[in-house]
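# Structure assessment
Residue strings, one per chain:
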Amino acid sequence: MQHTRLFRNHPSTLACLLLAVLGATTSPLPAQDTITDTIDTATNGIITTPVIPVLQIKADQVSAQVSPMLYGLMTEEINFSYEGGIYGELVRNRTFKADATNAVYWDTVGGAAITLDTNQPLNAALNVSLKLDTGKASKHYPAGIANSGYWGIAVRPNTTYHASFYAKGKHFKGPLTVSLFHINTNYPNLTYHASDGSVTEGFDGYTVPMASATVSKISSGWQKYDVTLTTGDVPVSKDNQLVISTTKRGTFFNHHGEVWFQQVSLFPPTYNNRANGNRPDIMQLLADMHPKFLRMPGGNYLEGDYINERFDWKKTIGDVSQRPGHRSPWNYWSTDGFGLMEYLGWCDDLHMEPLLAVYAGYSLKQQRVAPGDDLKPYVQDALDEIEYITGDTNTTWGARRAQDGHAAPFALHYVEAGNEDWFDRSNTYDARFSQFYDAIKAKYPDLKVISTVGNDHPESMRVHSRTPDLTDEHYYKTQEQMEAQSHMYDTRSRTNLTKVFVGEWATRVGRPTPNMAGALGDAAWMCCLERNSDLVLLESYAPLFVNVSDLARGGSMQWPSDLIGYDALTSYGSPSYYAQVMFSTHHGDNVLATDSQDLPTHPWQPPQRTRNGVPQGERPAPQPVPSVFYDATRDSQSGTIYLKMVNRQDTPQPIHVQISGVSAVEAQGTAIVLKADSPDDTNSIQEPTNIVPDTETVDGLGTDFTRELPPYSITILELKAK
Ligand code: AHR
């Protein structure tokens, strides 16, 4: 009879399972080997007892410093990230420029007629207006305009909203009533129930207004009107409209009135009560991530499809009524109400610094500015933008920033020239980059300048004429691909002066937001980033946001697998979001040297390379990929060790942890665990907290212990080491 004994200095799986059943998830290491031999008749008496993998943490060997810039955020206008997302504005198409011919997202009320009018511009920026014909209005049949927001308008009880609009009248002097109406979708043809109890036929679909205010007089020239709308004890809902209506047909002498509108706006209370500010629930999700930086404003949104659709920052600052807006490459209109200063206010609110991407002369539909004289104005624009952010108030653009409401300069350390310039088929990036690099370094020698073509692209595409301080590498992968590259940076050369910014990455499993499989791939990858953060100084998941209200093609999502989802009313974090929170809020400043033996692996067939759907070259050979991932960091002040472990398997996985280089580790510590019953499990707008981390106190820790990782789990152990 043959027995295969694969024990090392650790307890058997059987013993671990017993301990797990008894509720002791962390067990001290027995002093002696414990060997349990079993005869298995089904395998001719040969039994292979699984080995418990060993993980060694060498707490006296610091392999790297954790970058102070881990972890960050990446943002752009995609998936209705700002308008219909984090930006507080509740009115959709508030400037009527989303469509050149139709007043899209606007409805009429009562007998009103509306048209777009280019003959009555508010100004050069907002050069179209909405004309309302009031000729059929009456006391019992008000005429007006209505907006349903971004798939609804959230209304909450006892809350004050700020509505504003520009208007001018012809044969019309008012009054106008501004109201928030709940739409009862069960009764689409409801009549209007006025607050005095009278019931009126024909005011389609509206019930009693939940909040109302009156503008008594409208002038014949453009003027801005502001009102507050305060709700009472109304139910929370998103099936609401903003309605501006009148019961007056016109003036005494001419009964056929017309009113023009521009920039019709409605704001709820915002995060930190910032004017023109952000939605509190989404901001809170971000605040919980403790991000260090915000990569802004893109992504493709920086570049635009065409040069004149780039993020032209000078057109996004100052009075919102002077911002013309532009079409985004994600195919919808941006009013630019969320402009450069709003990004900076966002940074202020979350105590993070901007990582500024400047337009570098390439737009997505292969439009580009030639390096040399043609590019000079764009380089100057970038220098002005940096001055706007960092200059003191004696500088031209620093003074402009102060005029825009922020006298203090913002901290800025990183500037990225362009976005994904490997798409530029003319290969001009090296020349364009060097022009930006030289100008930025000449004026701001301390700024780190990032190239957008990294080691994930062929050598021939990269910048050679200068040494970029960092390159931005992007990885959108499956779970298996992320896991397969989870040791990629361990062997990357450290002699290269150029560091790495992983400025966009995601394990793209699950839509609209990633599921647990996505979180597991992310966690495997983040172990790699953290372990190598002497090289990878910055990272940011992308995309950050998705509005989940309309997931059909052309709806509210352009790119699936996004970290945070929301509709008009509520928001939620995906399992990947919680993985990010866990990583960003639990790490030390030193990366510790680690080693491991007998970690389980699984076979993986890498996908075949294809071009236009046609397979290219040999089918790659299957390869073994780890099933457990880990890294360890230590807080040099407190001594706390943060051990992160990821188990992607469908079975529990005991891990034997040995810690050397410390005199002791307290028996009691903390475990933060994110786990699921299935890799498909996820969070959603209906079930926002299906998968969230649990924090528990654990016993039985020390310099030598065994911890069982649940199936499909991410575990962080906080170990109090001395
Ligand atoms: O994150 C979505 C898009 O992916 C970004 O806009 C672009 O930079 C990348 O291709």
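To start, this report covers the structure provided alongside it.

### Looking at the overall build of the protein chain
- Within the protein chain, the regular secondary structure consists of 11 helices and 41 strands.
- In the form shown here, the protein chain has an accessible surface area of approximately 28,900 Å², with 50% of it arising from carbon and sulfur atoms.

### Let's talk about the layout of surface pockets
- Approximately 530 Å³ is the volume attributed to the largest pocket.
- Looking at the largest pocket, it is lined by 22 residues, and the ones nearest its centre are Phe80, Trp330, Asn331, Tyr332 and Gly554.

### Topic: the site of the ligand
- Taken together, Glu76, Gly299, Asn300, Trp330, Asn419, Glu420, Tyr476, Glu504, Pro543 and Trp559 make up the full set of residues near the ligand.
- Measuring from an oxygen atom of the ligand, one finds a side-chain N or O atom of Tyr476 at 2.7 Å.
- In isolation the ligand offers 290 Å² of accessible surface; the protein chains occlude 94% of this area.
- Among the residues making up the shell around the ligand, the classes are represented as 4 nonpolar, 3 polar and 3 charged.

### Some points on the nonpolar core
- One finds Leu286, Trp346, Phe436, Tyr489 and Ile714 to be the most contacted residues of the largest nonpolar core, which totals 105 residues.
- By residue number, the principal contributor to this core is helix H10 (residues 516-531), which donates 10 residues.
- Non-local contacts of Leu286, meaning those with residues more than four positions away in its chain, are made with Leu73, Ile86, Pro291, Trp346, Leu350, Leu544, Phe545 and Ile564.
- The next biggest cluster of nonpolar side chains, apart from the first, holds 37 residues, and it includes Leu130, Ile145, Ala213 and Ile244.

### Observations concerning the packing of helix H5 (residues 340-350) against helix H6 (residues 376-390)
- Across the interface, H5 lies against H6 with an axial gap of 11 Å and an inter-helix angle of 40 degrees. Taken together, the axis directions place H5 and H6 in an arrangement best described as oblique. Our pair here, H5 against H6, has a crossing hand that is right-handed. Only Glu385, Tyr388 and Ile389 of H6 make contact with H5, whose side of the interface consists of Leu340, Met341 and Leu344.
- In terms of residue class, the contact of H5 with H6 is made up of 5 nonpolar, no polar and 1 charged.

### Concerning the side chain of Glu309
- For Glu309, the position within the fold is in the loop between helix H4 (300-303) and strand S17 (326-327).
- Among the polar contacts listed, one links the side chain of Glu309 to the side chain of Arg327, at a separation of 2.6 Å.
- The residues touching Glu309, leaving out its near neighbours within four places in the chain, are Glu303, Gly304, His326 and Arg327.

### What to know about the packing of aromatic side chains
- Summed over all chains, the structure comprises 33 aromatic pairs.
- Consider the rings of Tyr82 and Trp346, whose centres lie 6.3 Å apart with planes at 85 degrees: the pair is edge-to-face. Here Tyr82, found in helix H2 (residues 82-86), pairs with Trp346, found in helix H5; they are 264 residues apart in sequence, far enough to count as distant. For the pair shown, Tyr82 and Trp346 are each scored as buried.
- Grouped by ring-pair contacts, the aromatic residues Tyr82, Tyr87, Phe267, Tyr301, Phe311, Phe338, Tyr343, Trp346, Phe545 and Tyr566 constitute a single cluster.

### Some details on H10
- For H10, with 16 residues, the first-to-last C-alpha span of 22 Å sits near the 22 Å given by 1.5 Å per residue.
- With respect to burial, H10 is a largely interior element, 16 of its 16 residues being buried.
- The backbone nitrogen of Ala517 has a side-chain oxygen 3.1 Å away, supplied by the residue at the start of H10, namely Asn515.

### Focus on the side chain of Ser363
- As for its position among the elements, Ser363 is in strand S20 (residues 362-363).
- In terms of polar contacts, Ser363 uses its side chain to reach the backbone carbonyl oxygen of Tyr306, at 3.5 Å.
- In this view, Ser363 contacts Glu303, Gly304, Asp305, Tyr306 and Ile307; residues no more than four positions away in its chain are not counted.

### What about the sheet that holds strand S24 (residues 470-477)?
- Strands sit in the order S3-S16-S19-S22-S23-S24-S25-S26 around a closed barrel of 8 strands; the barrel is parallel. Adjacent strand axes in the sheet meet at a mean angle of 30 degrees, parallel and antiparallel pairs treated alike.
- Relative to strand S23 (residues 448-451), strand S22 (residues 414-417) runs parallel, the two sharing 3 bridges. Residue pairing across strands places Tyr414 opposite Lys448, the latter belonging to S23.
- Seen against the sheet, H6 touches strand S19 (353-358) and S22 and runs at an angle of roughly 170 degrees to S19.

### Focus: the environment of Lys292
- Summarising the element assignment, Lys292 is placed in the loop between helix H3 (280-287) and strand S16 (293-296).
- A C-alpha to C-alpha distance of 10.0 Å links Lys292 and Glu539, two positions 247 residues apart in sequence.
- Setting aside chain neighbours within four positions, we find Lys292 in contact with Pro68, Met69, Leu70, Tyr71, Gly72, Met352 and Glu353.
- Among the polar contacts listed, one links the side chain of Lys292 to the backbone oxygen of Leu70, at a separation of 3.2 Å.

### Digging into unusual backbone geometry
- Cis geometry is found at the peptide bond from Gly174 to Pro175, where omega equals 0 degrees.
- Residue placement: Pro175 occurs in the loop between strand S8 (160-170) and strand S9 (176-183).
- The omega angle of the peptide bond from Arg511 to Pro512 is 0 degrees, so this bond is cis rather than trans.
- In this structure, Pro512 sits in the loop between strand S25 (499-507) and H10.
- The residue Gln263 is not glycine, and still its phi comes out positive at about 40 degrees.
- Tracing the backbone through its elements, the reader meets Gln263 in strand S15 (residues 258-267).
- Of note, the phi angle at Asp598 is positive, near 65 degrees, even though the residue is not glycine.
- Counting through the fold element by element, Asp598 comes out in the loop between strand S30 (590-597) and strand S31 (601-604).

### A look at the sheet that holds strand S5 (residues 113-117)
- Taken in spatial order, the 5 strands of this open sheet run S5-S6-S15-S8-S13, and their pairing is antiparallel. A single partner strand is all that each edge strand has here, and the edge strands are S5 and strand S13 (223-230). The sheet shows a mean angle of 35 degrees between the axes of neighbouring strands, direction not considered.
- Relative to S15, strand S6 (residues 129-133) runs antiparallel, the two sharing 4 bridges. Following the sheet pairing, Asp133 is matched in S15 by Glu258.

### Observations regarding the state of the cysteines
- All chains considered together, the criterion is met by 0 disulfides.
- Cysteine Cys527 shares no disulfide, and the gap to the nearest cysteine sulfur, in Cys528, comes to 8.7 Å.
- On the accessibility criterion, Cys527 (1% relative accessible area) is buried.

### A short note on the pairing of S15
- In terms of residue burial, S15 counts as a mostly covered element, since 10 of its 10 residues are buried.
- For S8 and S15, the ladder comprises 8 bridges, and the chain directions are antiparallel. Looking across to S15, one finds that Lys170 is bridged to Glu258.

### Some remarks on the packing of H10 against helix H11 (residues 575-585)
- Remark: H10 packs on H11, axes separated minimally by 8 Å, with the N-to-C direction vectors making an angle of 25 degrees. As far as their axial angle goes, H11 and H10 are roughly parallel. The chirality of how H10 crosses H11 is right-handed. For the pair H10 and H11, contact is made by Met516, Gly518, Ala519, Asp522, Ala523, Met526, Cys527 and Glu530 and by Pro575, Ser576, Ala579, Gln580 and Phe583, respectively.
- Taken together, the residues of the contact of H10 with H11 sort by class into 8 nonpolar, 3 polar and 2 charged.

Calculation notes
Residue numbers restart at each chain and count upward from 1, following the sequence in its written direction. Per-residue local features are limited, in this predicted model, to residues with pLDDT of at least 70; the limit for side-chain atom pairs, both in listing and counting, is 80 or more; totals at the level of whole chains, interfaces and linings are taken over all residues. Excluded from the side-chain calculation are hydrogens and water; included are all heavy atoms of the structure. Helix numbers and strand numbers start at the N terminus; a helix is a DSSP run of H or I with at least 4 residues, a strand a run of E with at least 2. Only the protein chains shown count as cover for residues, and the accessible areas themselves come from Shrake-Rupley with a 1.4 Å probe. Two kinds of site are reported from a 1 Å grid over the protein atoms alone, namely cavities, where a 1.4 Å probe fits but cannot get out, and pockets, open sets with protein on both sides within 12 Å along at least five of seven lines, and residues are called lining when an atom falls within 4 Å of a point. Grid points are joined across faces, edges and corners, and a volume is the space filled by probe spheres set on the points. Proximity is defined per residue: if any heavy atom of the residue lies within 4 Å of a molecule or strand, that residue is considered near it. Definition of a polar contact: a pair of N or O atoms within 3.5 Å, with one able to donate and the other able to accept a hydrogen when the atoms are protein atoms, and with sequence-neighbouring residues admitted only if both atoms are side-chain atoms. Throughout, the ten residues Ala, Val, Leu, Ile, Met, Phe, Trp, Tyr, Cys and Pro are labelled nonpolar, Asp, Glu, Lys and Arg are labelled charged, and all others, Gly among them, are labelled polar. Take the buried residues of types Ala, Val, Leu, Ile, Met, Phe, Trp, Tyr and Cys, join any two whose side-chain atoms come within 4.5 Å, and each joined set is a nonpolar core. Residue exposure (1.4 Å probe, protein chains only): buried if accessible area is under 20% of the type maximum, exposed if over 50%, otherwise partly exposed. Only heavy atoms matter for contacts: two residues are in contact if any of them lie within 4.5 Å across the pair. Note on geometry: axes are C-alpha line fits, over the in-contact stretch for helices, and angles between N-to-C directions span 0 to 180 degrees. Angular relationships are summarised with four words: roughly parallel below 35 degrees, roughly antiparallel beyond 145, roughly perpendicular across 65 to 115, and oblique for the angles in between. Note: crossing handedness is left-handed where the near helix turns anticlockwise from the far helix by less than a right angle, and right-handed where it turns clockwise. Aromatic pairing here means that ring centres of Phe, Tyr or Trp (its six-membered ring) are within 6.5 Å. Orientation follows from the plane angle: under 30 degrees is stacked, over 60 is edge-to-face, and everything else is tilted. Any helix carries an expected span of 1.5 Å times its number of residues minus one. Two strands are said to pair when DSSP picks up at least two bridges between them. Note that a disulfide, as used here, is simply two cysteine sulfur atoms within 2.5 Å.

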